[in-house]
Amino acid sequence: MDWIIIAVILIVLIIVISGIKIVPQAQVYVVERLGTYYASLGTGPHFIIPIIDKVAKRVSIKEQVVDFKPQPVITKDNVTMQIDTVVFFQVTDAKQFTYGVERPMSAIENLSATTLRNIIGEMELDSTLTSRDVINTKITAILDQATDRWGIKVNRVELKNILPPREIQDAMEKQMKAERERREKILQAEGDKKSQILVAEGERESKILRAEAEKQSEILRAEAEKQALILRADAVRQQKILEAQGEAESIQMVQNALAASLERLNAANPNESVLTLKSLEAFAKAADGKATKIIIPSEIQGIAGLAASLKETVTDGKSAE
């Protein structure tokens, strides 16, 4: 009997212990009682009634990332391409997540694919390739609204890859290559243009500098010639001034000498013969000049006649001998 009691006690302990549930961090346990939703257990220890209550689903409330396989979509200009998406979501209501939809990941994948087809169908190929942010924003808003009743919050949707058909890729590569070549030619042409402009500006500056140098040289040469002419003119003027001063001084000295001789003559009280002799000397000097007419005073004429008679007498005497 003792072993039966011990067995019963062990069974009771096992049942009681099985009713203790410890919920880990970032998880929620959905509990059903007799097949009906009873409660959502948060983090920490909880006790449920064994056999009557059971944990129907363990739900993680951490943000999750799901990478869906590429989906075929058709653009507005009838180009078929493959696009795969990455969805970032988080469970906000464990009850709705458990009972709201069967296979929620499959539901999100299909909803993402259909939404993506609707969005891409309204866009052309070029817009699709250059408008990732616009597509991400639209699909995130649509998925978040659609999954709200499932207890799921879609935080972000990213287009991972956009794969157009091979011929489209080849055409795009050729277009990109042609665009790069065009840009290269433009850059090269701009470089050549700037180089030619710099060379022309350099030549222009060089010519300007040479012209300025020649101008300065001509100015300096003209200034030098001007100074030389001024100096020569000053030298000639100084020479003439000195010559004129010399002549004036010479004349002054002659006049002074004459005046002195006259003063001495007057002081000596000369007789008539001496005055007559001085008159003859003065007349001789006057006769040596370049004058074409000479007026002889009457006194000198008498003396001249006397001198002529005396000459004839002397001449006749020499002939008689």
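Residues numbered from 1 in each chain as written. Predicted model: local features only at pLDDT ≥ 70, side-chain atom pairs only at ≥ 80, totals over all residues. Heavy atoms only, no water.

**Brief notes about the overall build of the protein**
Okay, step 1: Within the protein one finds eight helices and nine strands.
Okay, step 2: The burial tally for the protein puts 21% of its 321 residues in the buried class.
Okay, step 3: For the protein, long-range pairs separated by at least 24 residues make up 62% of all intrachain contacts whose partners lie at least 6 apart in sequence.
Okay, step 4: In the form shown here, the protein has an accessible surface area of approximately 23,600 Å², with 58% of it arising from carbon and sulfur atoms. (Helix = DSSP H or I, 4+ residues; strand = E, 2+ residues; numbered from the N terminus. Buried < 20%, exposed > 50% of the residue type's maximum accessible area, 1.4 Å probe, protein only. Contact = heavy atoms within 4.5 Å. Areas by Shrake-Rupley, 256 points an atom, 1.4 Å probe, with all protein chains shown as cover.)

**Digging into the sheet that holds strand β2 (residues 27–33)**
Okay, step 1: Read across the open sheet, the three strands follow the order β3-β2-β5; overall the sheet is antiparallel. A strand with exactly one partner marks an edge of an open sheet, and here the two such strands are β3 (36–41) and β5 (53–60). In this sheet, neighbouring strand axes are inclined to one another by 25° on average, regardless of whether the strands run parallel or antiparallel. (Pairing = 2+ DSSP bridges. Axes fitted to C-alpha atoms, helices over the stretch in contact; angles between N-to-C directions.)

**What about the side chain of Ser 112?**
Okay, step 1: Of note, Ser 112 is situated in helix α3 (residues 104–121).
Okay, step 2: In this structure the side chain of Ser 112 is engaged in a polar contact, spanning 3.4 Å, whose partner is the side chain of Thr 85.
Okay, step 3: Excluding anything up to four places from it in sequence, Ser 112 contacts Phe 68, Thr 85, Val 87, Ile 139 and Leu 143. (Polar contact = N/O pair within 3.5 Å; in protein donor to acceptor, adjacent residues only side chain to side chain.)

**What about the pattern of salt bridges?**
Okay, step 1: Going through the model one piece at a time under the given rule, you end up with nine salt bridges.
Okay, step 2: The partner of Lys 153 in a salt bridge is Asp 144, and the shortest N-O contact between them spans 3.0 Å.
Okay, step 3: By relative accessible area, Lys 153 is classed as partly exposed at 35%. (Salt bridge = Lys/Arg side-chain N within 4 Å of Asp/Glu carboxyl O.)

**Observations regarding the side chain of Ser 131**
Okay, step 1: Counting through the fold element by element, Ser 131 comes out in the loop between α4 (125–130) and α5 (132–146).
Okay, step 2: Relative accessible area serves as the criterion here: at 17%, Ser 131 is assigned to the buried category.
Okay, step 3: Separated by 2.7 Å, the side chain of Ser 131 and the backbone oxygen of Ser 127 make a polar contact.

**A short note on the packing of α3 against α5**
Okay, step 1: For the pair α3 and α5, the least separation of the axes is 10 Å and the interaxial angle reads 135°. The angle between α3 and α5 places the two elements in the oblique class. You can see that α3 and α5 cross each other, and the crossing is right-handed. Residues Leu 111, Ser 112, Thr 115, Leu 116, Ile 119 and Ile 120 of α3 pack against Ile 135, Lys 138, Ile 139, Ile 142, Leu 143 and Ala 146 of α5.
Okay, step 2: Here the residues of the contact of α3 with α5 are counted per class, giving nine nonpolar, two polar and one charged. (Parallel < 35°, antiparallel > 145°, perpendicular 65-115°, else oblique. Left-handed = near helix turned anticlockwise from the far one by under 90°. Nonpolar A, V, L, I, M, F, W, Y, C, P; charged D, E, K, R; others polar.)

**Considerations on the nonpolar core**
Okay, step 1: Of all hydrophobic cores here, the largest spans 33 residues; its most connected members are Ile 83, Val 87, Leu 116, Ile 135, Trp 150 and Ile 152.
Okay, step 2: Secondary structure elements with two or more residues in this core: β2, β8 (80–91), α2 (94–99), α3, α5 and β9 (152–163).
Okay, step 3: Per element, the largest residue contribution to this core is six residues, and it comes from α3.
Okay, step 4: Here Val 87 is in contact with Gln 64, Val 65, Val 66, Phe 68, Ile 108, Ser 112, Val 154, Arg 156 and Val 157, once residues within four sequence places are set aside.
Okay, step 5: Of all hydrophobic cores here, the second largest spans seven residues; its members include Val 23, Tyr 29, Ile 48 and Val 55. (Core = buried A, V, L, I, M, F, W, Y, C linked by side-chain atoms within 4.5 Å.)

**Regarding a nonpolar patch on the surface**
Okay, step 1: A contiguous nonpolar surface patch, about 810 Å² in accessible area, is contributed by Trp 3, Ile 4, Val 8, Val 12, Val 16, Ile 20, Ile 22 and Phe 47.
Okay, step 2: Elements supplying a minimum of two residues to the nonpolar patch: α1 (2–18) and β1 (20–23).
Okay, step 3: When residues of the nonpolar patch are assigned to their parent elements, the largest contribution, five residues, is made by α1.
Okay, step 4: Secondary-structure assignment places Val 8 in helix α1. (Patch = residues over 30% accessible without salt bridge, like charges linked within 9 Å, V, L, I, M, F, W, Y side chains within 5 Å.)

**Regarding unusual backbone geometry**
Okay, step 1: Unlike most non-glycine residues, Leu 34 shows phi in positive territory, near 55°.
Okay, step 2: Residue Leu 34 is classed as exposed on the basis of its relative accessible area of 68%.
Okay, step 3: The phi dihedral of Asn 78 falls on the positive side, at around 60°, and the residue is not glycine.
Okay, step 4: By the element assignment, Asn 78 lies in the loop between β7 (71–74) and β8.

**Observations regarding α3**
Every α-helix winds through 3.6 residues per turn, so residues three or four apart in the chain are directed the same way.
Okay, step 1: For α3, built from 18 residues, the straight-helix expectation of 26 Å at 1.5 Å per residue is met to within 8% by its first-to-last C-alpha distance of 25 Å.
Okay, step 2: Within the span of α3, buried status applies to Pro 104, Ala 107, Ile 108, Leu 111, Ser 112, Ala 113, Thr 115, Leu 116, Ile 119 and Ile 120.
Okay, step 3: Of the surrounding secondary structure, the elements contacted by the buried residues of α3 are β7, β8, α2, α4, α5 and β9. (Expected span 1.5 Å × (residues − 1).)

**What to know about the confidence of the model for the protein**
Okay, step 1: Of all residues in the protein, 82% attain a pLDDT of 70 or more, and the chain-wide mean is 81.
Okay, step 2: Taken element by element, the predicted model of the protein shows its lowest mean pLDDT in helix α8 (residues 298–320) (49) and its highest in β2 (92). (pLDDT = per-residue confidence, 0-100.)

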